[in-house]
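Structural characterization, general
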Amino acid sequence: MQTLLISNAECLATMDAQGQEWRNAYVFIRGGRIESLGPMASMPPGLADSADEVIDATGHLVLPGLVNTHHHMYQSLTRAIPQVQNAELFGWLRGLYPLWAGLTPEMVQVSTQIAMAELLLSGCTTSSDHLYIYPNGVRLDDSIHAAFDIGMRFTATRGSMSVGASQGGLPPDSVVENEDAILQDTQRLVQRYHDASHGSMLQVAVAPCSPFSVSRDLMRESAVLARSLGVRMHTHIAENDHDIAYSREKFNCTPAQYAQELGWLGDDVWHAHCVKLDAEGISLYAATRTGVAHCPCSNMRLASGIAPIRKMLDAGVPVGLGVDGSASNDGAHMVAEARQALLLARVGKSLEPFGCDSGPAEMTARDALAMATRGGAQVLGRKDIGHLAPGMCADLALFDLRTLGFAGGAVHDPLGSLLLCASPQAAYTVVNGRVVVRQGQLTTVDLGPLVERHNRLALQLAQV
């Protein structure tokens, strides 16, 4: 088995339960798993000579690969579309549904690799993706094959929409599917691709899109199917005030009550956004260990609000970070997302109606990085990623602390400076023991031609 030694790290942050950090440290990897790690003084003699490859991490911060818990990768084709730049969620969706109806399999494949390239270059090693629109022969297989080629650890979610505008839903009828066909294809995908083993590079989850685009029957049947197959469940919940109003008007309940009624709470479930989750909802999520994908940039971009993340964490709700669809964030940089989560939690407290009794301590840099690593792993149901320890998957991100953005910061706190200073690109990203970013360059695909092809397809899609 191939071996890789990362030596002389300026700082190694394990992000384990104890928050262990070492200066002048090493990590030794064999066959895609971490075999040993610790201070250089504890490194076994001869380890460097036995390694197939050695990365000298002098001046670098090493931490677990970041985990992205929510994305719509195809949306990288519609970033910064002028007609929806200033829209809130429902208006934004209504403006983009007609464009997304023109998606092709090639567009999904290329946009998935663009999104994954952006994530990998920011130190993200595992990502979920929520593909819920399937026009023109598009299949989730298109995303899965793209992930194989680029080398990212992937949770592919089979999204769906079944309630069009003629039935009171938000999407146009032209982009919804038959519910029996949805369930059949979901079962096919799980049985063909899902790998539940330790170190799995691919898992599949069941993911009807949202309360305003699928029926209650499909939500119930999706939950039954997912649990019969032993896979996780994902959807959007409580994203903004219009989302809350829709649930109250159509279902006479809050989104959290809706989820509870339909079997959509539990430690095998995670929900995106939860911006408007009330105190009752937070208690339900905490009691059932239902996970939340916090998407601060998207929530700000669409003016959805500020999710009560500190309250969720204090109550015991599992929380990870998500960059969300590229068109509602316009970026997919996981370090920048964690930095935004840190800053938004601090300013959000001051906006609450009854007082500004908190402040910079509302969330620390290490809190935000815990959500981006351990929290994301928990939300995706993974016990083999999210922190560094012997036996864990060899997913790591390395950042060069000697660069301009860290000047005067990393010398004081290497880990804290990752979020408090300007958001950097990764110097190295390692997935399953494989170096997929080396000295800031992607090693698995030729990025220049990929970007050029992606831009041609983006212009083609915009003209649909």
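Use the structure listed above.
Residues numbered from 1 in each chain as written. Predicted model: local features only at pLDDT ≥ 70, side-chain atom pairs only at ≥ 80, totals over all residues. Heavy atoms only, no water.

Another point: the packing of aromatic side chains. For any pair of aromatic rings, geometry is given as the distance between the ring centres together with the angle between the planes. Counting across every chain of the model gives eight aromatic pairs. Between Tyr74 and Tyr132 the ring centres are 6.1 Å apart and the planes differ by 85°, which places this aromatic pair in the edge-to-face class. Placement of Tyr74 in the loop between strand E6 (66-68) and helix H2 (89-100) and of Tyr132 in the loop between strand E7 (124-131) and helix H4 (140-150) is noted, with a sequence separation of 58 residues between them. Taken individually, Tyr74 and Tyr132 each receive the classification buried, so the pair is uniform in this respect. An aromatic cluster of three or more residues is present, and its members are Tyr74, Trp92, Tyr97, Trp100 and Tyr132. (Phe/Tyr/Trp six-rings, centres within 6.5 Å; stacked < 30°, edge-to-face > 60°. Helix = DSSP H or I, 4+ residues; strand = E, 2+ residues; numbered from the N terminus. Buried < 20%, exposed > 50% of the residue type's maximum accessible area, 1.4 Å probe, protein only.)

A separate point is the pairing of E7. Within E7, eight of the eight residues are buried, which leaves it mostly tucked inside the rest of the structure. Relative to E7, E6 runs parallel, the two being bridged by three bridges. Looking at the pairing, Asn68 lines up with Ser127 of E7. The pairing of E7 with strand E8 (residues 153-160) spans six bridges and is classified as parallel. Its bridge partner being in E8, Ser127 is matched across the sheet by Phe154. (Pairing = 2+ DSSP bridges.)

All right, on to the packing of helix H5 (residues 179-193) against helix H6 (residues 216-229) then. Axis separation between H5 and H6 bottoms out at 11 Å; the angle between their running directions is 20°. With respect to H6, the axis of H5 lies roughly parallel. Of the two elements, H5 crosses H6, and the hand of that crossing is right-handed. Judged by residue contacts, Glu179, Ile182, Leu183, Thr186, Gln187, Val190 and Gln191 of H5 engage Asp217, Leu218, Glu221, Ser222, Leu225 and Leu229 from H6. Here the contact of H5 with H6 is built from residues that sort into six nonpolar, four polar and three charged. (Axes fitted to C-alpha atoms, helices over the stretch in contact; angles between N-to-C directions. Parallel < 35°, antiparallel > 145°, perpendicular 65-115°, else oblique. Left-handed = near helix turned anticlockwise from the far one by under 90°. Contact = heavy atoms within 4.5 Å. Nonpolar A, V, L, I, M, F, W, Y, C, P; charged D, E, K, R; others polar.)

For helix H7 (residues 241-251), the full list of buried residues reads Asp243, Ile244, Tyr246, Ser247 and Phe251. Looking down the long axis of H7, one finds its buried residues gathered within 160° of arc, a one-sided arrangement. Facing away from the buried side of H7 by over 90 degrees, the exposed positions are Asp241 and Glu249. Of the residues flanking the end of H7, it is Asn252, one or two places downstream, whose phi is positive at about 60°. (Arc of directions from axis to C-beta.)

This paragraph deals with the pairing of strand E16 (residues 434-438). Two strands pair when backbone bridges link them, and strand E15 (residues 428-431) and E16 are joined in this way by four bridges, in the antiparallel orientation. Note on E16: the bridge partner recorded for Thr429 is Val437. Joining the antiparallel neighbours E15 and E16 is a turn of two residues, in which Asn432 adopts a positive phi near 55°. The pairing of E16 with strand E17 (residues 441-442) spans two bridges and is classified as antiparallel. Across the sheet, Arg438 pairs through a bridge with Gln441, a residue of E17. Linkage of E16 to E17, two consecutive antiparallel strands, is achieved through a turn of two residues, within which Gln439 is found at a positive phi near 50°.

What follows deals with the nonpolar core. With 127 residues, the main nonpolar core has Leu63, Trp92, Trp100 and Tyr285 as its most contacted residues. Here the element with the most residues in this core is helix H3 (residues 105-121); it accounts for 10 residues. Here Leu63 is in contact with Ala13, Leu369, Leu388, Asp395, Leu396, Ala397, Phe399, Leu415 and Leu418, once residues within four sequence places are set aside. Membership of the second largest hydrophobic core comes to 22 residues, among which are Ile6, Ile29, Leu37 and Val430. (Core = buried A, V, L, I, M, F, W, Y, C linked by side-chain atoms within 4.5 Å.)

Here Ile237 shows up in strand E10 (residues 233-237). Judged by its relative accessible area of 0%, Ile237 falls in the buried class. With 128 residues separating them along the chain, Ile237 and Ala365 place their C-alpha atoms 27 Å apart. Beyond its immediate sequence surroundings of up to four residues, Ile237 is in contact with Pro211, Asp243, Pro255, Tyr258, His271, Ala272, His273, Cys274 and Tyr285.

This next bit is on H3. Helix length check: H3, at 17 residues, gives a terminal C-alpha distance of 24 Å against a target of 24 Å (1.5 Å per residue), a fit within 8%. Remark: Gly123 follows H3 within two positions and exhibits a positive phi of approximately 90°. (Expected span 1.5 Å × (residues − 1).)

Where H3 contacts H4, the axes come no closer than 8 Å and their chain directions differ by 40°. Classed by the angle they form, the pair H3 and H4 counts as oblique. As for the relative orientation of H3 and H4, their crossing is right-handed in sense. Between H3 and H4, the contacting residues are Pro105, Val108, Gln109, Thr112, Gln113, Met116, Ala117 and Leu120 on the first element and Asp142, Ser143, Ala146, Ala147, Asp149 and Ile150 on the second.

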